[in-house]
Amino acid sequence: MPDEIANFPLRNATSQELGIALGRSYRDYLLWHGQATIIANFVQDARTAGVKAVVADRNRISLDLAQEEGILKGTPITNALLDAITDHHLATADYGGRIAAIVMLHNASERFLWRIVRFGLVANRTKAVEWVADRKVSVKSLQEQPPEVLTDNHLEQWWEDLEREGFVKKWDRLIGLVSYPAKLTTGTWHFDRDMLAHFDQLRHSAVHHDGQAVRKFDFSEFAKQLERAQLIWTVHIARMLKLQIPAETLFSAG
């Protein structure tokens, strides 16, 4: 099924089509990035707004009922006990929110890279064709379609298959097509393959294992670095293909 954003043809796409698709790709990433950041910070922001008192009141109602019904064993309910239980609940919510934010940001980043690879197929068709050169072609298909159309079909299939490949594999394919932006090696803009691989492992641990590494992960700092990196990739592609992004694509889905 064609992607709803990166749906331009791999051959003879106009600069307008490519510029619109690039702008929408970046906008879609920013939307998910923003939502992930809000989720990651939500519990701490809620604490500042006084949510602890609300949670504590709910906990007290539940504990009082349990005590009245005689199903609560142990020491009497004190403010200190209630405070400890509430802190535990908020810490659990914070942990869950961070996992959700990591998964959301990972999905958004991976999809953005996959879409950017499609631009790479246009920018460096020669290299892309090398990757599908050994694929089998039937005599019948040669009779029915011109070689360029057959090549487009194989590139389309290659790109669709890449969606199911790993995060780092997408990064490597992108580098292979359009090279590594020099700005990503400098100062605050620095972002590399190891950072991406670590984030990929963190997401895997959070989803499939105990996710303890999430507690030590500086989500806010990584999210800032990742956002800068995605901006550089957008600029890199725009310059390579000599594109201008219509400003409205950055704030409108239409």
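Residues numbered from 1 in each chain as written. Predicted model: local features only at pLDDT ≥ 70, side-chain atom pairs only at ≥ 80, totals over all residues. Heavy atoms only, no water.

Engineer: Mind laying out the packing of aromatic side chains, listing which residues take part and the relevant values?
Structural biologist: Across all of its chains, the model carries twelve aromatic pairs by this definition. Relative to phenylalanine 191, the ring of tryptophan 171 has its centre 5.9 Å away and its plane inclined at 50°; by these criteria the two rings are tilted. Of this pair, tryptophan 171 sits in helix 7 (residues 167–178) while phenylalanine 191 sits in the loop between helix 7 and helix 8 (193–208), placing them 20 residues apart in sequence. Overall, the relative accessible area of 4% leaves tryptophan 171 in the buried class. Through successive ring pairs, a cluster of aromatic residues spans Trp171, Tyr180, Phe191, Phe199, Phe217, Phe222 and Trp233. If you follow arginine 118 out to its NZ or CZ, it ends over the ring of tryptophan 159, 4.6 Å from the centre. Cation over ring: arginine 173 sits above tryptophan 131, and NZ or CZ is 4.3 Å from the ring centre. (Phe/Tyr/Trp six-rings, centres within 6.5 Å; stacked < 30°, edge-to-face > 60°. Helix = DSSP H or I, 4+ residues; strand = E, 2+ residues; numbered from the N terminus. Buried < 20%, exposed > 50% of the residue type's maximum accessible area, 1.4 Å probe, protein only. Lys NZ or Arg CZ within 6 Å of the ring centre and 35° of its normal.)

Engineer: Can you tell me about the nonpolar core, naming the residues and giving the values?
Structural biologist: Leu105, Phe119, Phe191, Phe199, Phe219 and Trp233 are the most contacted members of the largest nonpolar core, which totals 55 residues. Broken down by secondary-structure element, the contributors of at least two residues to this core are helix 1 (15–49), helix 3 (79–123), helix 4 (125–132), helix 6 (147–162), helix 7, helix 8 and helix 10 (219–240). A per-element tally of this core places helix 3 first, with 14 residues. The contact partners of leucine 105, leaving out residues within four places of it in the chain, are Tyr29, His33, Ala36, Phe199, Phe219, Phe222, Ala223 and Leu226. (Core = buried A, V, L, I, M, F, W, Y, C linked by side-chain atoms within 4.5 Å. Contact = heavy atoms within 4.5 Å.)

Engineer: An account of helix 7 is needed here, citing residue identities and associated values.
Structural biologist: The end-to-end C-alpha distance of helix 7 is 17 Å, a good match for the 16 Å that twelve residues give at a rise of 1.5 Å each. Turning to helix 7, its buried residues are Phe167, Val168, Lys170, Trp171, Leu174, Leu177 and Val178. As for helix 7, its buried residues are in contact with helix 3, helix 4, helix 6, helix 8 and helix 10. One or two steps after helix 7, the chain reaches serine 179, where phi turns positive at roughly 70°. (Expected span 1.5 Å × (residues − 1).)

Engineer: So what's going on with the side chain of arginine 115? Residues and values would help.
Structural biologist: Position of arginine 115 relative to the elements: it lies in helix 3. The buried category is assigned to arginine 115, whose relative accessible area is 1%. If sequence neighbours within four positions are ignored, arginine 115 has contacts with Asp3, Glu4, Ile5, Ala6, Ser25, Asp28 and Trp159.

Engineer: Could you give an account of helix 6, with specific residues and numbers?
Structural biologist: Between its first and last C-alpha, helix 6 extends 22 Å over 16 residues, near the 22 Å set by a 1.5 Å rise per residue. Those residues of helix 6 lying buried are Leu150, Thr151, Asp152, His154, Leu155, Trp158, Trp159 and Leu162.

Engineer: Provide a residue-level description of unusual backbone geometry, including the pertinent values.
Structural biologist: The phi dihedral of serine 179 falls on the positive side, at around 70°, and the residue is not glycine. By the element assignment, serine 179 lies in the loop between helix 7 and helix 8.

Engineer: Tell me what's going on with the packing of helix 2 (residues 51–68) against helix 3, and back it up with residues and numbers.
Structural biologist: Closest axis-to-axis distance for the helix 2/helix 3 pair is 9 Å, and the angle between their directions is 115°. Judged by the sense of rotation from one axis to the other, the crossing of helix 2 with helix 3 is right-handed. Residues Val51, Lys52, Val55, Ala56, Asn59, Arg60 and Leu63 of helix 2 touch helix 3, and the partners they reach there are Asn79, Leu82, Asp83, Ile85, Thr86, Asp87, His89 and Leu90. Classifying every residue of the contact of helix 2 with helix 3 gives seven nonpolar, four polar and four charged. (Axes fitted to C-alpha atoms, helices over the stretch in contact; angles between N-to-C directions. Left-handed = near helix turned anticlockwise from the far one by under 90°. Nonpolar A, V, L, I, M, F, W, Y, C, P; charged D, E, K, R; others polar.)

Engineer: Tell me about the environment of arginine 228, and name the residues and values.
Structural biologist: Position of arginine 228 relative to the elements: it lies in helix 10. Along the sequence, arginine 228 and leucine 155 sit 73 residues apart, while their C-alpha atoms lie 29 Å from each other. With residues near it in sequence (within four places) discarded, arginine 228 still touches Thr188, Trp189 and Glu221.

Engineer: Provide a residue-level description of empty space enclosed by the protein, including the pertinent values.
Structural biologist: All chains considered together, the criterion is met by one cavity of 30 Å³ or more. Of the voids in this model, the largest cavity is the one considered here, and its volume is about 30 Å³. If you go around the largest cavity, the residues you meet are Leu113, Trp171, Phe191, Leu196, Leu226, Ala229, Gln230 and Trp233. By residue number, the principal contributor to the lining of the largest cavity is helix 10, which donates four residues. Of the residues belonging to the lining of the largest cavity, the class tally is seven nonpolar, one polar and no charged. (1 Å grid on protein atoms, 1.4 Å probe; cavity = no way out; pocket = protein on both sides within 12 Å on 5 of 7 lines; lining within 4 Å. Points joined across faces, edges and corners; volume = space filled by probe spheres on them.)

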